[in-house]
Amino acid sequence: MVRLSRWCGLLEAVSEVYEDDSPIFRQSNDPWTTRFRVKPLVVLSPETAIPIRQPEIWQGFSRTRPLQQDSHSWPVKAVLQSSLVKLSAEDGAFLAEALRRQAEEKHIFALSDRDKKLLGSSTETVKSPGRVVTVVVPESAEGDHVQDELPHVLEETRDSIKKQAQLVEIGAKMGFDVWVPRSDLARIERELPSDAREKILRELPLNFDRVTFKTIENIDVLWLKKRTLVRAFEVEHTTAIYSGLLRMADLLALQPNIDIKLHIVAPEHRRDKVLDELQRPVFALLDKGPLANSCTFLSYDALDELRKQEHLAHMSDSVLEEYEEAAPDLERT
């Protein structure tokens, strides 16, 4: 159960693989055509589904056993939520037994308010010319906007500035030139060693139209190789998530042929909000394709772990793929 990170069922395959060409399927928005029939052996409700962080499950499953139990979503994603993960026979038997036992005992794992909100978020597929995309229309929880608009006070340096500085430092160590908005420059430089400050550009070496240039120069952090944009980061600490996503979407709408990786950097508790917002129709139906195809979530914890790597100067920026998290159910062509 992806949204809740719980083990919820056990199915037995009872047919060969086939391509579904039935009239009912052709009339649906379902992008999945390859099927096989199954027989449910165990189906658990959200309240009885087993959380993956239950100590006996975490330690008994070989893919989570090496990880700390309080690991955040980025390492868990690598071992559980990648496509076509094949389990060992031992892991399969362990999980099957745990699910069968839970089906009999029906131990209740209470849902938090956050869990209930995640269950209520609606996911749909939408047909667009040449593709089917998944969109989410998030529910507005009372108080969300009030919390987002609260000014960050009582700290001389905002957490978001510190995270921008970390991104500058990581990019500089990897050999990139870095851009930050002029309004943030002085505060970010106070957080950096001198060698990282030297990699910050004072002018963008880009040749875009005025509207595109104005959009780009306000993005929180840019990594560049010579005159090429490589990665863009928006840090969303207490500000509304929409502002960063809109800047990213504006960039892709203005320059649909640009080849750039985009990231929303935020605290772990904002993960689900970010991934849901990425799948809003306005972002899922861009001419270039869904924004979620180009933009991923990077948690503060993941950024901290990346910054601790001893050999960043010898690493490719592709290492970010080990720390980022993408929205589920991306575009199917």
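Criteria and cut-off values
- Residues numbered from 1 in each chain as written.
- Predicted model: local features only at pLDDT ≥ 70, side-chain atom pairs only at ≥ 80, totals over all residues.
- Heavy atoms only, no water.
- Helix = DSSP H or I, 4+ residues; strand = E, 2+ residues; numbered from the N terminus.
- Buried < 20%, exposed > 50% of the residue type's maximum accessible area, 1.4 Å probe, protein only.
- Phe/Tyr/Trp six-rings, centres within 6.5 Å; stacked < 30°, edge-to-face > 60°.
- Pairing = 2+ DSSP bridges.
- Axes fitted to C-alpha atoms, helices over the stretch in contact; angles between N-to-C directions.
- Contact = heavy atoms within 4.5 Å.
- Polar contact = N/O pair within 3.5 Å; in protein donor to acceptor, adjacent residues only side chain to side chain.
- Expected span 1.5 Å × (residues − 1).
- Salt bridge = Lys/Arg side-chain N within 4 Å of Asp/Glu carboxyl O.

A.B. asks: Where do I start with the environment of aspartate 287 in this structure?
C.D. replies: By the secondary structure assignment, aspartate 287 is in the loop between helix H13 (281-284) and strand E13 (295-299). On the basis of relative accessible area, aspartate 287 is assigned to the exposed category, the value being 79%. Sequence-wise, aspartate 287 and leucine 252 are 35 residues apart; in three dimensions their C-alpha atoms are separated by 8.7 Å.

A.B. asks: How do you make sense of the packing of aromatic side chains when you look at a structure like this?
C.D. replies: The geometry of an aromatic ring pair is captured by the separation of the ring centres together with the interplanar angle, meaning the angle of the planes. Counted under the stated rule, the structure contains three aromatic pairs. Consider the rings of phenylalanine 176 and tryptophan 223, whose centres lie 5.2 Å apart with planes at 20 degrees: the pair is stacked. On the criterion of sequence distance, the pair formed by phenylalanine 176 in the loop between helix H7 (159-173) and strand E9 (177-179) and tryptophan 223 in strand E10 (residues 221-225) is long-range, its members being 47 residues apart. Summarising the burial analysis for this pair, phenylalanine 176 and tryptophan 223 share the class buried. Pairing tryptophan 223 with phenylalanine 233 gives two aromatic rings, centres 4.8 Å apart and planes at 55 degrees, and the pair type is tilted. Of this pair, tryptophan 223 sits in strand E10 while phenylalanine 233 sits in strand E11 (residues 228-235), and the two are 10 residues apart along the sequence. Exposure remark for tryptophan 223: the relative accessible area of 0% places this residue in the buried category.

A.B. asks: Whenever I open this one, the pairing of E13 confuses me. Can you help?
C.D. replies: Put simply, side chains in a regular strand alternate between the two faces of the sheet. E13 sits mainly inside the fold: five of its five residues count as buried. Residue alternation in E13 divides its side chains into two sets, Cys295, Phe297 and Ser299 and Thr296 and Leu298, and both sets are buried. Note that strand E12 (residues 261-266) and E13 share five bridges and pair parallel. Opposite histidine 263, over in E13, you have threonine 296 as the bridge partner.

A.B. asks: How do you make sense of the sheet that holds E12 when you look at a structure like this?
C.D. replies: Backbone hydrogen bonds hold the strands of a sheet together, and the pairing may be parallel or antiparallel. Strand order in this open sheet of five strands is E9-E10-E11-E12-E13, and the pairing throughout is mixed. With one partner strand each, in any of the chains shown, E9 and E13 form the two edges of the open sheet. This sheet shows a mean twist of 25 degrees between the axes of neighbouring strands, independent of strand direction. Taken strand by strand, helix H14 (residues 300-307) contacts E11, E12 and E13, and its axis lies near 75 degrees from that of E13.

A.B. asks: Looking at this model, I keep getting lost on the side chain of glutamate 217. Mind explaining?
C.D. replies: Position of glutamate 217 relative to the elements: it lies in helix H10 (residues 210-217). Engagement of the side chain of glutamate 217 in a polar contact is seen with the side chain of arginine 182, the distance being 3.3 Å. Among residues more than four places away in sequence, those in contact with glutamate 217 are Trp179, Pro181, Arg182 and Leu204.

A.B. asks: Honestly, H7 in this entry has me stumped. Any pointers?
C.D. replies: Since the α-helix turns once every 3.6 residues, residues separated by three or four places project in the same direction. For H7, with 15 residues, the first-to-last C-alpha span of 21 Å sits near the 21 Å given by 1.5 Å per residue. Counted residue by residue, H7 has 12 buried out of 15 residues, so it is predominantly covered. Positioned one or two residues after H7, glycine 175 has a phi angle of 95 degrees, which is positive.

A.B. asks: What's the story with the pattern of salt bridges in this structure? I'm lost.
C.D. replies: Pairing is possible between side chains of opposite charge, provided their charged atoms come close. Using the criterion set out here, one finds 18 salt bridges in the structure. Residues glutamate 277 and lysine 273 are paired through a salt bridge, measuring 3.1 Å at the closest nitrogen-oxygen approach. Here glutamate 277 and its partner lysine 273 are both found in helix H12 (residues 271-278), four residues apart, which amounts to about one turn of the helix. Judged by its relative accessible area of 0%, glutamate 277 is buried. Linked through salt bridges whose partners overlap, the residues forming this network are Glu169, Lys173 and Arg307.

Just distances and angles here, no functional claims.
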